[in-house]
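Coordinate inspection notes
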Amino acid sequence: MGKKRKQQQRVDSSATAGLPKQESMTLADQLGGDVLAKLKAAKQDLTAKEQAAEEERQAKLAFERKQREKNKSFEELLNEYGDKGSKF
């Protein structure tokens with residue numbers, strides 16, 4: 001079995017080595033400069049939108065946390081803080 005695997009690996013590596021230079025070009029080389037620039041701009045827009053959405057989500061969670069804390073009943077506050085309150 002070990003011999004078979006070695007032979008298969010040699011066949012795979014020799015297949016890629018025989019490609020002409022033009023076929024082994026990268027995708028960035030094949031795309032035009034303007035298309036590549038548009039893709040990069042779209043990527044930046046998408047990351048900016050994702051970041052804004054994440055910031056909005058964090059702000060919403062913080063607001064909801066404050067509202068829950070603000071609207072707690074006396075019983076909930078007593079259970080949460082108990083005798084830990086500061087004494088004057």
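Residues numbered from 1 in each chain as written. Predicted model: local features only at pLDDT ≥ 70, side-chain atom pairs only at ≥ 80, totals over all residues. Heavy atoms only, no water.

Section: the overall build of the protein chain
The test is simple: In DSSP terms, a helix is any run of H or I states spanning at least four residues, a strand is any run of E spanning at least two, and both are numbered starting from the N terminus. For the exposure calls, accessible area comes from a 1.4 Å probe over protein chains only, and a residue counts as buried if that area is under 20% of its type's maximum, exposed if over 50%, partly exposed in between. Areas reported as accessible are Shrake-Rupley estimates using a 1.4 Å probe. Residue values count occlusion only from the protein chains shown.
Summing up its helical and strand segments, the protein chain has four helices and zero strands in all. Secondary structure elements of the protein chain occur, N-terminal to C-terminal, as α-α-α-α. Split into buried and exposed, the 88 residues of the protein chain put 0% on the buried side. Accessible surface for the protein chain amounts to roughly 8800 Å². Of this, 56% is attributable to carbon and sulfur atoms.

Overview of the pattern of salt bridges
Formally: A pairing counts as a salt bridge when a side-chain nitrogen of Lys or Arg comes within 4 Å of a carboxyl oxygen of Asp or Glu.
In this structure the tally under the stated criterion is three salt bridges. Across the salt bridge formed by Arg 57 and Glu 54, the nearest N and O atoms sit 2.7 Å from each other. You can see Arg 57 and its partner Glu 54 sitting in helix α3 (residues 33-70), three residues apart, about one turn around the helix. Here Arg 57 falls in the partly exposed class, since its relative accessible area comes to 41%. Under the relative-accessibility criterion, Glu 54 is labelled partly exposed at 36%. Residues Glu 80 and Lys 72 are paired through a salt bridge, measuring 2.1 Å at the closest nitrogen-oxygen approach. For Glu 80, a relative accessible area of 34% gives the class partly exposed. Given the relative accessible area of 24%, Lys 72 is considered partly exposed. The network of salt bridges with shared partners includes Glu 69, Lys 72 and Glu 80.

Comments concerning the confidence of the model for the protein chain
Defined as follows: Every residue gets a pLDDT, meaning the predictor's confidence in that residue, from 0 to 100.
For the protein chain, the average pLDDT comes to 78, and 67% of its residues sit at 70 or higher. Of all the helices and strands in the protein chain, helix α1 (residues 2-17) carries the lowest mean pLDDT, 56, while α3 carries the highest, 94.

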